[in-house]
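In case you want the letters, here they are:
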Protein chains: 2
Amino acid sequence: MKKRDVYLDNMPLSEAKKVFFKSLEAKNVALAGDEMIDVRKSLNRITAAPVFAKISSPHYHSAAMDGIAVASEQTIGADEKHPVTLKEGVHFKYVDTGDPLPDGCDTVIMIEEVHPVGDGEVEIISSYSPWNHVRSIGEDIVATELIVPENHRLRPQDLAAILAGGHTEVCVRVKPAVAIIPTGTELVSPGSLLKPGDIIEYNSAMLSGYIQEWGGNPVVLEKVIDDREKIRARIVQALNQADVIIVNAGSSAGSEDYTSDIIKDLGELVVHGVAIRPGKPVMLGFIENKPIIGIPGYPVSAALTMNLFVKPLIYQMQGIPIKPSQTLKANIARRIVSNLGVEEFLRVKLGRIGDKIVASPLSRGAGVITSVVRADGIVRIPALKEGLETGEEVEVELLREKSDIENTVVIIGSHDVTLDLLANEIKRHYPEMNISSAHVGSMGGIMALKRKEAHMAGMHLLDPDTGEYNVSYIKRFLPEQDIVLVNLVYRQQGLMIPKGNPKGIKGIEDLKRNDIIFVNRQRGAGTRLLLDLKLQQLKISPEDIKGYDREEYTHMAVAAEVASGSADAGLGILAAANALDLDFIPISPERYDLAIPKEFYDLESVQKVLKVIVTEPFKEKVMALGGYDTSKTGDAIFVKQTERS
Amino acid sequence: MKKRDVYLDNMPLSEAKKVFFKSLEAKNVALAGDEMIDVRKSLNRITAAPVFAKISSPHYHSAAMDGIAVASEQTIGADEKHPVTLKEGVHFKYVDTGDPLPDGCDTVIMIEEVHPVGDGEVEIISSYSPWNHVRSIGEDIVATELIVPENHRLRPQDLAAILAGGHTEVCVRVKPAVAIIPTGTELVSPGSLLKPGDIIEYNSAMLSGYIQEWGGNPVVLEKVIDDREKIRARIVQALNQADVIIVNAGSSAGSEDYTSDIIKDLGELVVHGVAIRPGKPVMLGFIENKPIIGIPGYPVSAALTMNLFVKPLIYQMQGIPIKPSQTLKANIARRIVSNLGVEEFLRVKLGRIGDKIVASPLSRGAGVITSVVRADGIVRIPALKEGLETGEEVEVELLREKSDIENTVVIIGSHDVTLDLLANEIKRHYPEMNISSAHVGSMGGIMALKRKEAHMAGMHLLDPDTGEYNVSYIKRFLPEQDIVLVNLVYRQQGLMIPKGNPKGIKGIEDLKRNDIIFVNRQRGAGTRLLLDLKLQQLKISPEDIKGYDREEYTHMAVAAEVASGSADAGLGILAAANALDLDFIPISPERYDLAIPKEFYDLESVQKVLKVIVTEPFKEKVMALGGYDTSKTGDAIFVKQTERS
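1. Considering the confidence of the model for chain A
Thought 1: Overall, the predicted model of chain A reaches an average pLDDT of 92, with 97% of residues at or above 70.
Thought 2: Confidence estimates for the predicted assembly give a pTM of 0.91 and an ipTM of 0.91.

2. Quick notes on the interface of chain B and chain A
Thought 1: Counting from both sides, the interface comprises 103 residues of chain B and, opposite them, 103 residues of chain A.
Thought 2: Of the roughly 8800 Å² buried between chain B and chain A, counting both surfaces, carbon and sulfur atoms make up 63%.
Thought 3: In this structure, the connection of chain B to chain A is made through 4 salt bridges.
Thought 4: Summed over the shared surface of chain B and chain A, the result is 27 residue pairs in polar contact (both at pLDDT 80 or more).
Thought 5: Per-element accounting of the side of chain B that touches chain A gives the leading share, 8 residues, to helix α2 (residues 156-164) of chain B.
Thought 6: Considering only residue class, the side of chain B that touches chain A consists of 53 nonpolar, 25 polar and 25 charged.

3. Comments concerning the sheet that holds strand β8 (residues 115-118) of chain A
All names here are of chain A.
Thought 1: The 3 strands are arranged β5-β9-β8 in an open sheet whose pairing can be described as antiparallel. The open sheet is flanked by β5 (84-87) and β8, the only strands paired with a single partner. Adjacent strand axes in the sheet meet at a mean angle of 35 degrees, parallel and antiparallel pairs treated alike.
Thought 2: Where β8 and strand β9 (residues 121-124) come together, 3 bridges link them in antiparallel fashion. Bridge pairing links Pro116 to Val122 in β9.

4. Remarks on the relation of the copies chain B and chain A
The operation linking the two copies of the chain is a rotation about an axis combined with a translation along the axis.
Thought 1: Superposing chain B onto chain A takes a rotation of 180 degrees plus a shift of 0.0 Å along the axis, which leaves an RMSD of 0.2 Å. The two molecules are tied by a two-fold rotation axis, judged by turn and shift. Minimal C-alpha separation from the rotation axis in chain B is found for Gln326(B), amounting to 5.9 Å.
Thought 2: In this assembly, 99% of the residues forming the interface of chain B have copies in chain A that are likewise at the interface, indicating an isologous arrangement.

5. Remarks on the domain arrangement of chain A
Residue and element names in this part refer to chain A.
Thought 1: Looking at the assigned domains, one finds that chain A contains domain 1 (13-31 + 175-317), domain 2 (34-57 + 139-173), domain 3 (62-135), domain 4 (325-402) and domain 5 (457-639).
Thought 2: The C-alpha-based centres of domain 1 and domain 4 are spaced at 26 Å.
Thought 3: With 14 residues of domain 1 in contact, the opposing surface of domain 4 contributes 15 residues.
Thought 4: Carbon and sulfur atoms supply 67% of the area that domain 1 and domain 4 bury against each other, a total of about 1200 Å² over both sides.
Thought 5: A salt bridge links Glu344 to Arg277, with the nearest nitrogen and oxygen atoms 3.6 Å apart.

Each value, and the rule that gives it
- Every chain begins its residue count from 1, and numbering advances along the sequence as written.
- Following the order in which they are written, the chains are lettered starting with A and the ligands numbered starting with 1.
- pLDDT decides what is reported in this predicted model: residues at 70 or higher carry local features, side-chain atom pairs at 80 or more are listed and counted, and totals for whole chains, interfaces and linings draw on all residues regardless.
- With hydrogens and water excluded, all non-hydrogen atoms of the structure serve as input to the side-chain values.
- What pLDDT expresses is the predictor's confidence in each residue, scored from 0 to 100.
- Only heavy atoms enter the contact rule, under which two residues are in contact if any of them lie within 4.5 Å.
- The buried area of a pairing is the accessible area, by a 1.4 Å probe, that goes missing from both parts when the two are put together, added over both.
- A carboxyl oxygen of Asp or Glu within 4 Å of a side-chain nitrogen of Lys or Arg is what we treat as a salt bridge.
- Polar contact criterion, stated in full: a pair of N or O atoms within 3.5 Å, where within protein one must be able to donate a hydrogen and the other to accept it, and residues adjacent in sequence count only if both atoms are side-chain atoms.
- Numbering of helices and strands runs from the N terminus; a helix is a DSSP stretch of H or I covering at least four residues, while a strand is a stretch of E covering at least two.
- In this classification, the charged set is Asp, Glu, Lys and Arg, the nonpolar set is Ala, Val, Leu, Ile, Met, Phe, Trp, Tyr, Cys and Pro, and all remaining amino acids, among them Gly, are polar.
- A pair of strands is treated as paired once DSSP finds two or more bridges between them.
- Axis lines are fitted to C-alpha atoms, over the contacting stretch for helices. Their N-to-C directions set the angle, which ranges from 0 to 180 degrees.
- Least squares is the method for superposing the copies, and the C-alpha atoms it fits come from residues with pLDDT of at least 70 in both.
- Those domain boundaries reflect an automatic or database domain assignment.

Here's what the structure looks like:
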């Protein structure tokens, strides 16, 4: 390991931006060049010069109706009693819409108001003023008039107007060319056979996607290993073919150190280290007056720093402003502790629950790209704040439309694999709808209902006294609420063990064996309660089980630990064992229900969920996972009605 | 001329949509096909199947920090007084972030907490729990987990997550292929030398722009003349290469009749004629179960009917919902009379004036594509309403972001060519700002200030008694308001006459000649008042001037009439005459000012306008137009302060 030998700044974000964009101004790299292109290929391009009309449109006086063109003075005095007779070719000419007004004519009479009387003659019974039903020259566009200004993003209608104004080409900004250099010896291309330590090089796909969206032209260069000379050569290559260079750091300190040294050596490093989380080790500099940006290797850090620094740069180079993010006020679903002195960008899921919008924090790990995939918005926790209290009102910068938030059903509680299937089936039936699910265990779900942070909660809480599921817990913990309990599935719980059962595990009793390492679920999970009940029945103390303290939040995470060999057994559902090709020792069938407060039960969106779970395609997909029984799916198991005064 | 022989329905919009989309459902053309494509090329494509992870990410237990990997049990009991010494290769191994956890190790200690004591040995002074600074398998993605559902538009972060989940390809919907057939004998290609009666074929650029934006794949076919067999052959050709066919009508009734006959002949015409304005003659039908849509020829009708019928079709074929339009409430700036029984789609400009948003109607002509270019939003006037009263509150469907509306400075009043330059200069200096200018004459501008519908008004109102401009009018008509009057320019007014002055016009006196046709400005225009004053001084009666009653709204429109030969003279500014290469007889220099109510004068946006008008580039461009004097530009000419109690 190379010990990090670079001192990182901890510059506040606002200052880092100021320093960088001031340098940019000083170096005069503000605007991209321009080019003339075919108007018909200019959609979404940015004008680099105002477009003034070369010709008027229409460029001739034009009939605006099908009818006859006449000199209006010939119609003076015509009325029902004194019709005026006009002769074709002498007094009038038939015209179609769009035809030029013939010489000597100054008005058009609609065909419906013209009465043919034979012999090429017609009668009219009104008098007409000049310029009736005539589109006069320049009605739409007058030559020399401004059609669109500079710094304008061209829309379909603009293309039409520019062509109508007599142009075939339009002067637009060259798309800023942005080179993306992935660095890191550990990187392998997507589709490679993976060894431990390999990392799939997926960041460049995301980075170039962003550049494209922002109007730039991304050029992904061949990835380069952590070697000073190789990185330097690749940067020099990039300088020849791009306006902006992005070096995406490898995960080790080494590659980052090389990059910062190379920037200092070839140019100027103006910022290295910003007090943000994630994204701290970002580098901002210049080589040959071209911006060069070191984007951290962790994907969430990469996404965030791209948006904070590269987006405004690309927009500025095109001469266009960034649209301000849409924001809304929400209440944070749980307490978050954050570091003083660091501005944190917390990803959250959002949903409207009754009259408030609830923001549920997603994983804060810089390596968890799915937190960016799942996020509906970002909450900024200021550097001078130590965190957020449960229920605190926060401002959320939206990553989706407000309407998407309104169409989201929030499910918080126990994890079950079928919830993924449900999310997809909902999207298939109702593309405008979204499911937001958070896995906090069955008891966590009940607490979320109590705090009105979810539309429904998934749970499988066995009451050891009655042998019944969920009902007694709802009565005890939600005494004030009317609840409808709907069955989602029955499922099989059991021990997930490595394929072939190498340690010969037969049941729960074996967990106390010294050579068995267990992996547990978190406190409050129904599966944890099931384990504790079984241990109690068997009179086994938790202290006797190695790994009892190691907690995972989903069945799949437990299965993954067993599959990786870091644990010998975990308790979970058959579907998870099947998914990762593990063996399975059935322990107990159990009921998994959705608890839905009556006040949300009648919502259209909630009803749509209940409709989808009883469809055959959904049930078939659930059965295909193994270990499920859908014979009661959709049945209202229990309705709790509080007494009203 | 062919007389229209087709009966057009007048079907309400909602019914037309219902009929069309029900037929679509019946014909089972709901979804486009799917294809597997490279994940790295899938930005903005729509998933046709859910994406489940093939592998976990990370796929191995991975160091989350640079440091040493150890078995946590070796650290038990370590503290400052009882440091534990560990030996490299025996007790620990150095790891970089991202390295796999070595066999036998279950935790990572940050390098900062490790104290080398020489001889390959280190000391630690804390005990560590297992899985400290370890990213365990599946921390981000667990194999089999849902990454993105079906019917999902892929964003940059989704590409990263799909690659991280072990995919190199993704199943997406094929982009619906949409053939666009321009019809009309009068159509010529952009760039052609124009004869009267020619129409530049610019609609297909707009239509294909829309199709692209909505996710379809537009194919513009060669334009076809108004000939039944040729149109039929082109439609048959289109059926072989597209999923949807759009026939863009020529302007004459003939081409429309052919198209409707051909649809009926080859398939089924389910709607022909919808009670909307503009856009009535739209056709909706099917041939071989493929939707075929007749889009009217006028560009505004084309834009509107595309959005009403083709947009939902293309979205539905991709399995995605249309985002609801953003709306806001505004007050309509002037009375609008609309036809009972027809739903009108009125284009409006918007601006925030004080505490209300004012919607100023744009040209309602179906041929005025610039009304779509300039529009900030659309006001729907329901079929059962006969119009809108001045000041009435309306709901506006936005075509721009709300923030754009907030950043718009509204200038209503007299027209001057420099306002176009100003709009462009503003956009150049402040890309986030917009200028919305409406040309209603100087008196119209004063009235707009009185009704608080504008931030400033352009005016050049000569007081014949004092010889002074604007001040007496402001005092008289805006007695309650504090106003700052800022000079924009001095300019030269005169008679615009055809090049070479064929009729030998020498001055205003000649306007009464029998062989001279004049074109006038509208009532309330400062130029009209100037003419009337000159006529009064010369004792010429308006009745003696042919064309006195023909009113145009801008200098450029008057110049265009003279250039086209439909008038022999018009009064206007030198810049307009220069623009259209006319001769010019100077009549009078005059002052053109901006009147700005004090309450808006201090707005940041208004101040930006005032900053731009005194910049050298702006003044230089103004001077280049000819006939302008910018020596007083930006000077506060007059400040009117009402007395406060």
